[in-house]
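# Descriptive structure summary
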Amino acid sequence: MARSPCDLRLLLLAAAVAFIYIQVRLFASQSHHAERLAEAVSKHSPAPPSIFLVFILNTRSLVQEKSESRCTSQLRSMIDQVSMQQEKIVALEGTDADLLSQKVPVAAVIIMACNRPDYLQQRTVESILKYQKTVASKFPLFISQDGTNGEVKKKALSYTQITFMQHVDLEPVRTERPGELTAYYKIAKHYKWALDALFIKHNFDRVIILEDDMEIAPDFFDYFEAAAKLLDNDKTIMAVSSWNDNGQKQFVHDPKALYRSDFFPGLGWMLTKPTWMELSPKWPKAYWDDWVRLKEVHRDRQFIRPEVCRTYNFGEHGSSMGQFFQQYLEPIKLNDVHIDWNSEDLSYLKEDKFLIQFGEDVASATPLHRSDALLKAHNMNVDVRIQYDDQGDFERIARHFGIFEEWKDGVPRAAYKGVVVFRYKSSPRRIYLVGPDSLHQLGAKQG
C-alpha cells in the first residue's frame, strides 16, 4: 500500500532526531576519551606540566575537530537525504494535486438515437459539439443507438469525440393492450439498458439524457454543472430538466428564472446514480416518462426546470407522430443568452426557501374572480392569480391563454403545489393559475 506524504514526513523526522542524538552521543564519547588520555599522559610522563598541557589541548582540539568534521559531514549527508526525500514528497504532492485538478466528469451526456440519421447529425450532434468543446472533460459524450439502422451507426461512429453504444434486441415486443405502439416498449427498454450501462458499467455519478431531435442552448452545460451541486445536496429534488412545457416565446421573459415543479418535464434532464439505482429495478415496460410522473414513483420529490428552455425539440416526426408539435413544441423559445450559472446563487431553490418565496409571490398577486377574470387578466399591468376549481376548469382557462392543458396523475404540466405560472405576452408580468388548495399547500395567506 502506498504511503501518504504525511507518513513519509513523520518517518524522516524520526530518522533525523535519531541521527542527531547518535552524533551528540558520539561527540560526548570522543570528548571524554580525549580527557582520559590527557589524564593518563600527565600521570606517566615526566615532562613539565606546561608541555603536557599543550599536548592535551592539542589532542583534545584534534579530536574535537575530527568529531565535528565527521558529525558535520554526516549531518550534511543527512540533510542532503532529507532534502532529496522532501523533493520526492513535493513531487508526490504535485502528482496528487495534478490528479485532484483533473476534472471529474460532472455528468455523462447520452444522446438516445434509433433510426433518424439526418436528425442526429445535422442538428443534434453539431449543436452539442459546438458548446461541449470547452468542457469536454466535464461532459463526456455518448450516442446510444437502439436497433441496427446502418446510417445512424455510420454517422455516430464518424465522431471521434463520441463513444458509440448499440442496443440490439431481437426479441418480439409484446404489448399489454391491443393496438398499442410497440415503439414505446422499445424506447423504455433502450433507456434502461443505456442508463444501466452508464451508471453501473461506467460508474458515472450523473447522466444527462438527450434525444436525437434536440438542440441545446449556449449555457446548457454551465446550467447543468451548477444544478449538479443543487441536485447532490437537496434530496427533495429528483432530477433537473432543461425544459419548460410552457416555454413558448409568448410565455417566457427571464432567462435566469428557475422553478421547482411537481411535474416531470423530461426532454433534456439529469439524474444521479442513487436515483437511478432506485428506479432501475422497477423500470416500466413502456411509457417511462409518464411512469416517472406518478406520485408513487417521485414520492413528493420535485424537479428543477427553467423558465426559458435550454433545449429545443425539433422532432416533428417520431414515435409520438408529431403530437402537440405545431401548437406547443415549435413555438418554444430556446435560450440564446449565455448565463454564468456557476456565479449564480441557486440557494433560493432549496425546498424551504422556495416554498416561502413562491408562496409570497403567489399571495401578493392580484386575485381575479367572477366570470370576467380572464378579460381583466389581459388589461392589467400587475401579476395576477386566477383560481381554478378542478381539472376541467383548469383546462378551460389553459385553452384561453394557450398553455398546456394536460394533467398526469392529478398534476398539471409545470405545476408546483397546483400552481402554474407563465408570463403574459413575453412581459415581466406573471399569471398564476392557482388550485383550490394551493395557497394552503404553500403556507400562504389569501389576500
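Below is a short write-up of the structure. Position numbers for residues start from 1 in each chain and track the written sequence from start to end. Selection of residues for local features in this predicted model requires a pLDDT of at least 70, selection of side-chain atom pairs for listing and counting requires 80 or more, and totals for whole chains, interfaces and linings are taken over all residues. As a rule here, side-chain values cover all heavy atoms of the structure and leave hydrogens and water aside.

## A look at unusual backbone geometry
Even without glycine at this site, arginine 299 takes up a positive phi of about 50°. For the purposes of this entry, the term helix denotes a DSSP run of H or I that reaches at least four residues, the term strand denotes a run of E that reaches at least two, and both are numbered from the N terminus. Within the secondary structure, arginine 299 is located in the loop between helix H9 (295-298) and strand S9 (302-306). Even without glycine at this site, aspartate 409 takes up a positive phi of about 50°. Secondary-structure assignment places aspartate 409 in the loop between strand S13 (407-408) and strand S14 (411-412). Look at aspartate 409 and you get partly exposed, because its relative accessible area is 38%. Under the scheme applied here, a residue whose accessible area is under 20% of the maximum for its type counts as buried, over 50% as exposed, and between as partly exposed, the area being computed with a 1.4 Å probe on protein chains only.

## What to know about the sheet that holds strand S12 (residues 384-387)
Taking strand neighbours across the sheet as the criterion, the 4 strands line up as S11-S12-S16-S15 in an open arrangement whose pairing is mixed. The sheet is open, and its two borders are formed by strand S11 (366-368) and strand S15 (420-423), each paired with just one other strand. Pairs of neighbouring strands in the sheet enclose a mean axial angle of 25°, with direction left out of account. For two strands to count as paired, DSSP must find a minimum of two bridges between them. In this sheet, strand S16 (residues 430-434) lies alongside S12 in parallel orientation, the contact comprising 4 bridges. Structural elements are reduced to axes, namely lines fitted to C-alpha atoms, with helices fitted over the stretch in contact, and the angle between N-to-C directions of any two is expressed from 0 to 180 degrees.

## Notes on the environment of glutamate 307
With respect to the element layout, glutamate 307 can be found in the loop between S9 and strand S10 (311-313). Exposure remark for glutamate 307: the relative accessible area of 4% places this residue in the buried category. In sequence terms glutamate 307 and arginine 423 are 116 residues apart; their C-alpha atoms lie 9.3 Å from each other. Contact between two residues is taken to exist if any of their heavy atoms lie within 4.5 Å; hydrogens are not considered. Setting aside anything within four residues of it in sequence, one finds glutamate 307 in contact with Asn244, Gly247, Val252, His253, Asp254, Ala257, Tyr259 and Arg423. In this structure the side chain of glutamate 307 is engaged in a polar contact, spanning 3.1 Å, whose partner is the side chain of tyrosine 259. Contacts described as polar in this section are N or O atom pairs within 3.5 Å, which, within protein, must combine one atom able to donate a hydrogen with one able to accept it, while residues neighboring in sequence count only if both atoms come from side chains.

## Observations regarding the sheet that holds strand S2 (residues 141-146)
With mixed pairing, the 8 strands of this open sheet are ordered in space as S3-S2-S1-S4-S8-S6-S9-S7. Each of the sheet's edge strands pairs with one partner strand only, and the pair in question is strand S3 (162-167) and strand S7 (258-261). Ignoring which end each strand starts from, the neighbouring axes of this sheet average 25° apart. In the sheet, strand S1 (residues 108-113) pairs with strand S4 (residues 206-211) via 5 bridges, with the strands oriented parallel. Considered in S4, the bridge of isoleucine 110 is made with isoleucine 209. Packed on one face of the sheet, helix H4 (residues 150-157) meets S1, S2 and S3 and runs near 155° to S3. The strands touched by helix H11 (residues 351-364) within the sheet are S7 and S9, with S7 carrying the most contacts at an inclination of about 100°.

## Examining the nonpolar core
For this analysis, a nonpolar core means a set of buried residues of the types Ala, Val, Leu, Ile, Met, Phe, Trp, Tyr and Cys, connected via side-chain atoms within 4.5 Å. If you look at the biggest cluster of nonpolar residues, it comprises 64 residues, and the most contacted ones within it are Phe139, Ile143, Val240, Met270 and Phe358. Looking at this core element by element, the count peaks at 9 residues for helix H6 (residues 220-233). Discounting residues that sit within four places of it in the chain, valine 240 has contacts with Tyr223, Phe224, Ala227, Leu231, Gly268, Trp269, Met270 and Ile304. Counting 28 residues, the second largest nonpolar core, distinct from the first, contains Ala108, Tyr191, Ala197 and Trp276.

## A closer look at the pattern of salt bridges
Any Lys or Arg side-chain nitrogen found within 4 Å of a carboxyl oxygen on Asp or Glu counts as a salt bridge. Within this structure, the stated rule accounts for 26 salt bridges. A salt bridge links aspartate 196 to lysine 192, with the nearest nitrogen and oxygen atoms 2.8 Å apart. Taken together, the residues aspartate 196 and lysine 192, both in helix H5 (residues 182-201) and 4 residues apart, mark about one turn of the helix. The class for aspartate 196 is buried, based on a relative accessible area of 17%. Residues participating in the shared-partner salt-bridge network are Asp245, Asp289, Asp290, Arg293, Glu406, Lys408 and Arg413.

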